[in-house]
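Coordinate analysis (summary)
Residue strings, one per chain:
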Amino acid sequence: MESPSHPEGRPTLLVGESDRHRESELRVLLAGEPIDVLYCEEAPKALLLLGRTAPDAVLLGSMDGPIDPLEFLRIVRSSDQGLPVVVGVPPGDAPYAETARSLGATRTVERPYRPDTLLPALRTLVRGPGRGPRDAGAVDLGRLRVDGEAPAFRLDGRLVALPPTEYLLLRHLARNVDTVVSRQELIRAAWAGDEPVRTNTLNVHIMRLRKRLGDDRARPRWISTVHGVGYRLTVPDGDV
């Protein structure tokens, strides 16, 4: 396990990976990214490192020890709903990916990792020097204000915390307020184009967002469905 020693201001990624070959591939893949990477082979040690270093994101591959990656994710989510966690999924293992998402994975990316899938996911989640002010800033729509840092929003001044995926969906809809956003664009925004994401998965997250916004299930005012295309966020007038 590597001890942390990082230049101030650079984001940190904690990688749980016991496969030495995969770790070597990751070191090459991430060498040019403006982030500091901590590698750890065993889940218990990774949990200690998580508490010591407070990384900006976590990438979970295979891990040695009595705690497997999914149990590690469960433990993390029991105390931290906002930390971005990317879970590496064995090739073609859709049930594993679904389980990871149900436990709170922010993204799932198939292993062995490919630059065109892993790097966009990490760049979306880890705030580094290369990300512009649009990524870091809050979206203020009057009654609705989506935080630019923490996974949360304020509705009429009331703070509502969000799981990471719902936060990414709402933030993207808010940035495109009054515009129809396609389903595929939302999947790219919230799952970095993760191919195994099923249509019903997006539906469930939208349904949960509507509930948090106090939307009427039969006649939603905040997030409307444009059949065959996607969804549109609209800020309705205040209740009378």
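Refer to the structure printed above.
Residues numbered from 1 in each chain as written. Predicted model: local features only at pLDDT ≥ 70, side-chain atom pairs only at ≥ 80, totals over all residues. Heavy atoms only, no water.

1. Thoughts on the nonpolar core
- Counting residues in each nonpolar core, the largest one holds 45 residues, and the members touching the most others are Leu26, Phe153 and Ile223.
- Considering each element in turn, this core owes the most residues, 6 residues, to helix α7 (residues 164-175).
- The residues contacting phenylalanine 153, other than those within four sequence positions of it, are Leu144, Arg145, Val146, Asp147, Arg158, Leu159, Val160, Leu162, Leu170, Arg212 and Leu213.
- Counting 24 residues, the second-largest nonpolar core is a separate cluster that includes Leu14, Leu50, Ala100 and Leu103. (Core = buried A, V, L, I, M, F, W, Y, C linked by side-chain atoms within 4.5 Å. Buried < 20%, exposed > 50% of the residue type's maximum accessible area, 1.4 Å probe, protein only. Helix = DSSP H or I, 4+ residues; strand = E, 2+ residues; numbered from the N terminus. Contact = heavy atoms within 4.5 Å.)

2. Some words on the packing of helix α1 (residues 20-30) against helix α5 (residues 115-125)
- Between α1 and α5, the least distance of the axes is 11 Å, while the angle of their chain directions is 65 degrees. Judged by the inter-axis angle, α1 sits roughly perpendicular to α5. For the crossing formed where α1 meets α5, the hand is right-handed. In this structure, α1 contributes Leu26, Leu29 and Leu30 to the contact, and α5 contributes Pro115, Leu118, Leu119 and Leu122.
- Looking at the contact of α1 with α5 residue by residue, the class counts come to 7 nonpolar, no polar and no charged. (Axes fitted to C-alpha atoms, helices over the stretch in contact; angles between N-to-C directions. Parallel < 35°, antiparallel > 145°, perpendicular 65-115°, else oblique. Left-handed = near helix turned anticlockwise from the far one by under 90°. Nonpolar A, V, L, I, M, F, W, Y, C, P; charged D, E, K, R; others polar.)

3. Observations concerning the sheet that holds strand β6 (residues 139-140)
- Taken in spatial order, the 4 strands of this open sheet run β6-β7-β8-β9, and their pairing is antiparallel. Each edge of the open sheet is held by one strand with a lone partner, namely β6 and β9 (158-161).
- In this sheet, strand β8 (residues 152-155) lies alongside strand β7 (residues 144-146) in antiparallel orientation, the contact comprising 3 bridges. Paired with arginine 145 across the bridge in β8 is arginine 154.
- Strands in contact with α7 are β6, β7 and β8; relative to β7, the strand with the most contacts, it is inclined by about 120 degrees. (Pairing = 2+ DSSP bridges.)

4. Let's talk about the pairing of strand β11 (residues 223-226)
- In this structure, β11 lies alongside strand β12 (residues 230-233), joined through 4 bridges in antiparallel fashion. Bridging across to β12, threonine 225 finds its partner in tyrosine 231.
- The loop that links β11 with its antiparallel partner β12 comprises 3 residues; one of these, glycine 228, has a positive phi angle of about 85 degrees.

5. Some words on the pattern of salt bridges
- The final tally for this structure, using the stated rule, is 12 salt bridges.
- The salt bridge partner of glutamate 42 is lysine 45, with a shortest N-O separation of 4.0 Å.
- According to the relative accessible area criterion, glutamate 42 is partly exposed, its value standing at 31%. (Salt bridge = Lys/Arg side-chain N within 4 Å of Asp/Glu carboxyl O.)

6. Focus on the sheet that holds strand β4 (residues 85-89)
- Strand order in the open sheet made by the 5 strands is β2-β1-β3-β4-β5, with parallel pairing throughout. A strand with exactly one partner marks an edge of an open sheet, and here the two such strands are β2 (36-40) and β5 (107-110). Pairs of neighbouring strands in the sheet enclose a mean axial angle of 20 degrees, with direction left out of account.
- Bridge count between strand β3 (residues 57-60) and β4: 3 bridges; the pairing is parallel.

7. Some words on α7
- When the terminal C-alpha atoms of α7 are compared, their 17 Å separation across 12 residues agrees well with the 16 Å that a helix rising 1.5 Å per residue should span.
- Buried residues dominate α7, accounting for 12 of its 12 residues.
- Here α7 has its buried residues at Pro164, Thr165, Glu166, Tyr167, Leu168, Leu169, Leu170, Arg171, His172, Leu173, Ala174 and Arg175. (Expected span 1.5 Å × (residues − 1).)

8. What to know about the packing of aromatic side chains
- Across all of its chains, the model carries 0 aromatic pairs by this definition.
- Its end group placed over the ring of tyrosine 39, arginine 27 keeps NZ or CZ at 4.1 Å from the ring centre. (Phe/Tyr/Trp six-rings, centres within 6.5 Å; stacked < 30°, edge-to-face > 60°. Lys NZ or Arg CZ within 6 Å of the ring centre and 35° of its normal.)

9. Observations concerning the environment of aspartate 93
- For aspartate 93, the location among the structural elements is in the loop between β4 and α4 (94-102).
- Taking the relative accessible area as the measure of exposure, aspartate 93 reaches 28% and is therefore partly exposed.
- The spacing of aspartate 93 and arginine 111 is 18 residues in sequence and 10.0 Å in space, taken between C-alpha atoms.

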